[in-house]
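A closer look at the structure
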Amino acid sequence: MAKGKIVVITGLPGVGKSTVLSELEKLAKQAGKRVQIVNFGTIMLEFAKKKNKDLIRDEIRLKPVSFQHKLQANAASTIAKMARAGAALIVDTHMMIRTDSGYWAGLPIHVLKKLQPDFFVLIEASPEEILNRRTSDKTRVRDKIKMEDVMEEIMVSRAFASACGVLTGVPFKIIMNPTGKQDEAAEEIVKLL
Amino acid sequence: MAKGKIVVITGLPGVGKSTVLSELEKLAKQAGKRVQIVNFGTIMLEFAKKKNKDLIRDEIRLKPVSFQHKLQANAASTIAKMARAGAALIVDTHMMIRTDSGYWAGLPIHVLKKLQPDFFVLIEASPEEILNRRTSDKTRVRDKIKMEDVMEEIMVSRAFASACGVLTGVPFKIIMNPTGKQDEAAEEIVKLL
Amino acid sequence: MAKGKIVVITGLPGVGKSTVLSELEKLAKQAGKRVQIVNFGTIMLEFAKKKNKDLIRDEIRLKPVSFQHKLQANAASTIAKMARAGAALIVDTHMMIRTDSGYWAGLPIHVLKKLQPDFFVLIEASPEEILNRRTSDKTRVRDKIKMEDVMEEIMVSRAFASACGVLTGVPFKIIMNPTGKQDEAAEEIVKLL
């Protein structure tokens, strides 16, 4: 059986990634395409649990880098194995994570080597929309973030994506997700499958 | 015989790369410098032809990634071999290629390893000039592209160049090519040889 | 003894890196933290001297790339060895160096592999402040540089940092250093130690 395509979907907090992903699931089903969405962070947390480390998501980045890298490597291998079983995989993750200690690559080279993705997607929205969604989103702990910071984050995540592009030789696509247009954003991703 | 320098010249569609390259050829001849300009894409197409795949340039990016990477690797090895023969080589290629599936690195890591370039050049022009040249240029199929898209492409190609810089330890130079100043742009490249 | 943390501190000319570093030394001493600041370029020059090449700093970039890479590799190994001895090391260096031949990575992949840093810091300031400091700073030879050039340099150094982030899996933090606020900038670095 041929290896299934691995499409990595990333997006800053506030771009509306979850909305696009659930729209994508609906569209793929309508089109009769078999896709499976896996959340990279969830797989990392499950592996941590097996190692008797019960973490919540935001705690991962506070752990020693070597431990984080082990979780990442395990998640990447697990997903690559699922793809070899033939399914088209949508990997829900981050291109870049902002914490107090700075900008972290969500897809560092050791993950890229194991994951071997076929496409990267950066879901984006205007800085205004990102900011609005962040302020009204109470589900995760966030600092007050200003417009300039959001523009910096967009720039930096594109630079991370560019490094991933040079390291893998596969493309990354920027897909805009303006409010209410998640169906069009999802449609663009379906075309990549 | 010493290995010839390999200078990689890149530029987005519409920056006037071809004009600079023909000016560069003239200047180098006047200065008595032996340079040879090779087009990376042409070498890829010749290799595809040998494999009984007769392609036009814009079709390469629609082929499976593994096939594209094989063409790239072959072109890079061919050019590296020419340089070992002593000639200073100007490699005419792209830092980044924009297609429907996103932004592709023109110089992914597997190409960099084989090519071992000495310098990268990004030829640039103002977004306005790029846009003007693209709209009046009928020789290649292009979508209508807006100013913001062009600015995004400039940003992304610089980020790709930065990744190439970290991966090779050699510099990249941004050279502006305003309309009518191709002689000055070419002169800057001659200085690198 | 545990390996000491390696924090790489970088900044464009004119961001006030030296001021922040001496403030940092003071703060760390007050907090009773043992830190050692090493200058990457100085270690490179010392090694060049041992090889009977007496250079001034700005001459390094005019030497053959293979020689530069040897100096870099040696400096990185020396620093990594110091860290294994247990000290927390602040490495004073550049993310990016601008010369006539273009933008060079201060931390190319072969340096990253030997150095194995734990954090990167980009000290930044507004383009206006950078420009003001550069014009009044007579201690090093510099070209007249315009505002747009400074903005380009900031963008490019962030892209270099992003590539370093993907290649190492450790974070980089942008720390602003507005005039007179070097104590706050230094305080942010102390938190990383």
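Residues numbered from 1 in each chain as written. Chains lettered and ligands numbered in written order. Predicted model: local features only at pLDDT ≥ 70, side-chain atom pairs only at ≥ 80, totals over all residues. Heavy atoms only, no water.

**A closer look at the confidence of the model for chain A**
In the predicted model, chain A carries a mean pLDDT of 90, and the fraction of residues at 70 or more is 94%. Under a pLDDT of 50 for its full length, residues 139–144 of chain A has, in the predicted model, 4 contacts with residues more than four places off or in other chains. (pLDDT = per-residue confidence, 0-100. Contact = heavy atoms within 4.5 Å.)

**What to know about the interface of chain A and chain B**
Contact residues are listed per partner, giving 17 residues for chain A and 20 residues for chain B. Roughly 1500 Å² is buried in total at the junction of chain A and chain B, and carbon and sulfur atoms are behind 71% of that figure. The interface formed by chain A and chain B contains 1 salt bridge. When the shortest N-O distance is used, the salt bridge between A:Arg158 and B:Glu152 registers 3.5 Å. Taken together, chain A and chain B are joined by 4 residue pairs in polar contact (both at pLDDT 80 or more). Taken together, the elements giving at least two residues each to the side of chain A that touches chain B come down to helix H6 (147–168) and strand S7 (172–176) of chain A. Top contributing element to the side of chain A that touches chain B by residue count: H6(A), with 9 residues. Looking at the side of chain A that touches chain B residue by residue, the classes come out as 11 nonpolar, 4 polar and 2 charged. (Buried area = accessible area lost by both parts, 1.4 Å probe. Salt bridge = Lys/Arg side-chain N within 4 Å of Asp/Glu carboxyl O. Polar contact = N/O pair within 3.5 Å; in protein donor to acceptor, adjacent residues only side chain to side chain. Helix = DSSP H or I, 4+ residues; strand = E, 2+ residues; numbered from the N terminus. Nonpolar A, V, L, I, M, F, W, Y, C, P; charged D, E, K, R; others polar.)

**Regarding the relation of the copies chain A and chain C**
Here chain A sits on chain C after a turn of 120° about the axis and a move of 0.0 Å along it, with an RMSD of 0.0 Å. Both copies of the chain, as the preceding transformation shows, are related through a three-fold rotation axis. Both copies present different contact surfaces, since only 20% of the interface residues of chain A are interface residues in chain C too. (Least-squares fit on C-alpha atoms with pLDDT ≥ 70 in both.)

**A short note on the environment of C:Thr10**
Residue and element names in this part refer to chain C. Relative to the assigned elements, Thr10 resides in strand S1 (residues 6–11). Between the C-alpha atoms of Thr10 and Glu23, which are 13 residues apart in sequence, the distance is 15 Å. A polar atom in the side chain of Thr10 sits 2.8 Å from the backbone oxygen of Val121.

**Structural notes on unusual backbone geometry**
Residue and element names in this part refer to chain A. Despite not being glycine, Gln116 has its phi angle at roughly 45°, a positive value. Assignment of secondary structure puts Gln116 in the loop between helix H4 (109–115) and strand S6 (119–124). Gln116 gets classed as exposed once you look at its relative accessible area, which sits at 53%. (Buried < 20%, exposed > 50% of the residue type's maximum accessible area, 1.4 Å probe, protein only.)

**Remarks on the side chain of A:Arg134**
All names here are of chain A. Along the chain, Arg134 turns up in helix H5 (residues 127–136). Residue classification places Arg134 among the buried residues on the basis of a relative accessible area of 8%. Only 2.7 Å separates the side chain of Arg134 from the backbone oxygen of Pro13, close enough to count as a polar contact.

**Considering the interface of chain A and chain C**
Each side of the interface is counted separately: chain A has 20 residues, and chain C has 17 residues. Buried surface at the junction of chain A and chain C, both sides included, amounts to about 1400 Å², of which 72% is carbon and sulfur. Sorting the residues of chain A by area buried against chain C places A:Ser101, A:Tyr103 and A:Met155 first, and these three jointly supply 28% of that buried surface. For the pair chain A and chain C, the number of links is 1 salt bridge. On the surface where chain A and chain C come into contact, there are 5 residue pairs in polar contact (both at pLDDT 80 or more). Secondary structure elements with two or more residues in the side of chain A that touches chain C: helix H3 (65–84), strand S5 (102–105), H4 and H6 of chain A. Counting residues per element, the side of chain A that touches chain C draws most heavily on H6(A), which supplies 8 residues. Class assignment for the residues of the side of chain A that touches chain C results in 15 nonpolar, 3 polar and 2 charged.

**What about the pattern of salt bridges?**
The full count for this structure, using the stated rule, is 25 salt bridges over all chains. Residues A:Glu153 and A:Arg98 are paired through a salt bridge, measuring 2.7 Å at the closest nitrogen-oxygen approach. Of this pair, A:Glu153 sits in helix H6 while A:Arg98 sits in strand S4 (residues 96–99), placing them 55 residues apart in sequence. By relative accessible area, which is 2% here, A:Glu153 ends up buried. Relative accessible area serves as the criterion here: at 37%, A:Arg98 is assigned to the partly exposed category. The closest approach of N and O atoms between B:Arg98 and B:Asp149, which form a salt bridge, is 4.0 Å.

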